[in-house]
Amino acid sequence: MRKRIVAGNWKMNKDFQDAEDLMFEIADELADKGSGETEVIVCTPYVYLEMSSDIAAENGFMVGAQNLSQWESGAYTGEISASMIHSMGISHCILGHSERRSYFGENDKIISAKVDLALKNNIIPIYCCGEVLAERQAEKHFDIVRTQITEALFHLGKEAVSEVIIAYEPVWAIGTGVTATSAQAQEMHAFIRSLLTEKYGSDVSEEISILYGGSCNAKNAAELFANPDVDGGLIGGASLIAADFVTIVNSFR
Ligand code: 13P
């Protein structure tokens, strides 16, 4: 059985005190409502990783980073390496987010190097893929996602790729309030799983969790998560409100 996962991506939000308060609120909500079988990961800004992972560890959930350097170590001022993140006890890291691709020029080659460094340092990548609106309108979305999956992941062996969590995040749905329909999400998730089956066989593809991201909220999560190939969500805005986030965690039927 593959894992059900709900991960929050706080992006560049919250000052320290608000971040600490939100971590405690999430812990309280989880204690109240439970999380069933769902794995809960909160991806906080680097500077809060220590604070947030301490709180998460005491309350039965996990913390991830939002990025890591494409380089191993050395003279890269301002960069944070995979081994640094691992040495802080952090288990997960978002990689290939569309905001990194578009604002920081990350391409599949760079992201692929980051995936390798994450795995080498025992960090589980949450690998994001997804098309922009013009690509969907031109009916190129399957080609785009195929290329993103192939170029960043398909050099991995079966064992390594089995560690990866994939997040399908159509860029037109991120932070826009426009969600992919349940059918659009299922269609793309099934397509991604078929690519994984073709390359690695169904024993591997059936074990990889594929999350949906893009305006997923407390109201629409249940419908999205009801799809057979949607194994959870990567949540932006709604992960900043503890009650909504934990409602999403409990949206599996
Ligand atoms: P929103 O949930 O705010 O649309 O963001 C999605 C996202 O980018 C998660 O990584």
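Residues numbered from 1 in each chain as written. Predicted model: local features only at pLDDT ≥ 70, side-chain atom pairs only at ≥ 80, totals over all residues. Heavy atoms only, no water.

S.K.: Looking at this structure, I do not really get the overall build of the protein. What am I missing?
M.R.: When its secondary structure is counted, the protein shows 12 helices and eight strands. Within the protein, the fraction of its 253 residues that count as buried is 52%. Accessible surface, the protein: about 11300 Å² in total, of which carbon and sulfur atoms supply 51%. Each charge class in the protein can be summarised by its mean position, and for the 19 positive and 36 negative side chains these summaries are 6 Å apart. (Helix = DSSP H or I, 4+ residues; strand = E, 2+ residues; numbered from the N terminus. Buried < 20%, exposed > 50% of the residue type's maximum accessible area, 1.4 Å probe, protein only. Areas by Shrake-Rupley, 256 points an atom, 1.4 Å probe, with all protein chains shown as cover. Lys, Arg positive; Asp, Glu negative; His and termini not counted. Charge placed at Lys NZ, Arg CZ, Asp CG, Glu CD.)

S.K.: It is not clear to me how helix H12 (residues 242–249) should be interpreted in this structure. Could you clarify?
M.R.: At 3.6 residues per turn, the α-helix brings residues three or four places apart onto the same side. Within the span of H12, buried status applies to Ala-242, Phe-245, Val-246, Ile-248 and Val-249. Summarising the axial view, the buried residues of H12 lie within an arc of 150 degrees, below the 170-degree limit, and thus occupy one face. Packed against the buried residues of H12 are strand S1 (5–9), helix H1 (16–33), strand S2 (39–43), helix H11 (221–225) and strand S8 (232–235). (Arc of directions from axis to C-beta. Contact = heavy atoms within 4.5 Å.)

S.K.: In this structure, what is going on with helix H7 (residues 141–153)? I would like to understand it.
M.R.: Counted at 1.5 Å a residue, the expected span for H7 with its 13 residues is 18 Å, and the 18 Å between its end C-alpha atoms agrees. Where H7 is concerned, the buried positions are His-141, Val-145, Gln-148, Ile-149, Ala-152 and Leu-153. Buried residues along H7 cover an arc of 90 degrees about the axis, so they all sit on one side. (Expected span 1.5 Å × (residues − 1).)

S.K.: Hey, could you run me through the site of the ligand in this one?
M.R.: In the vicinity of the ligand, the contacting residues are Asn-9, Lys-11, His-97, Glu-169, Ala-173, Ile-174, Gly-175, Gly-214, Ser-215, Leu-234, Gly-236 and Gly-237. One nitrogen or oxygen atom from the side chain of Glu-169 is found 2.9 Å from an oxygen atom belonging to the ligand. Separating an oxygen atom of the ligand from a backbone N or O atom of Ser-215 is a distance of 2.7 Å. (Near = heavy atom within 4 Å. Polar contact = N/O pair within 3.5 Å; in protein donor to acceptor, adjacent residues only side chain to side chain.)

S.K.: What is the right way to read the packing of helix H5 (residues 108–120) against H7 from this model?
M.R.: Packed helices, taken two at a time, are described by the angle between their axes plus the distance between the axes. Two elements in contact, H5 and H7, have axes whose closest approach is 8 Å; the angle formed by their N-to-C orientations is 45 degrees. One way to sum up the angle between H5 and H7 is to call them oblique. As H5 runs across H7, the sense of the crossing is right-handed. Between H5 and H7, the contacting residues are Asp-108, Ser-112 and Val-115 on the first element and Thr-147, Gln-148, Glu-151, Ala-152 and Leu-153 on the second. Classifying every residue of the contact of H5 with H7 gives three nonpolar, three polar and two charged. (Axes fitted to C-alpha atoms, helices over the stretch in contact; angles between N-to-C directions. Parallel < 35°, antiparallel > 145°, perpendicular 65-115°, else oblique. Left-handed = near helix turned anticlockwise from the far one by under 90°. Nonpolar A, V, L, I, M, F, W, Y, C, P; charged D, E, K, R; others polar.)

S.K.: Is there a simple way to think about the pairing of S2 in this case?
M.R.: Here is the key point about a regular strand: its side chains alternate between the two faces of the sheet. Of all the five residues making up S2, five are buried; the element is thus mostly covered by neighbouring parts of the structure. Alternating residues of S2 divide into Glu-39, Ile-41 and Cys-43 and Val-40 and Val-42, and every residue in both groups is buried. Pairing analysis gives five bridges linking S1 to S2, with the strands arranged parallel. Residue Gly-8 lies in a different strand from S2, and its bridge partner there is Val-42. The parallel pair S1 and S2 is bridged by H1, and the resulting crossover is right-handed. Where S2 meets strand S3 (residues 62–65), three bridges bridge the pair, whose relative direction is parallel. Among the inter-strand pairings, Ile-41 is bridged to a residue of S3, identified as Met-62. For the handedness criterion, the β-α-β arrangement of S2, helix H2 (residues 49–58) and S3 is classed as right-handed. (Pairing = 2+ DSSP bridges. Right-handed = clockwise from strand over helix to strand, strands pointing away.)

S.K.: How should the pairing of strand S4 (residues 92–95) be read in this particular structure?
M.R.: Alternating residues of S4 divide into His-92 and Ile-94 and Cys-93 and Leu-95, and every residue in both groups is buried. Here S3 runs beside S4; their pairing, made up of two bridges, is parallel. For Gly-64, the partnering residue across the bridge sits in S4 and is His-92. A crossover connection joins S3 to the parallel S4 through helix H3 (residues 82–87); in handedness this β-α-β unit is right-handed. Pairing geometry for S4 and strand S5 (residues 124–129), over four bridges, is parallel. Its bridge partner lying in S5, Ile-94 is registered against Ile-126.

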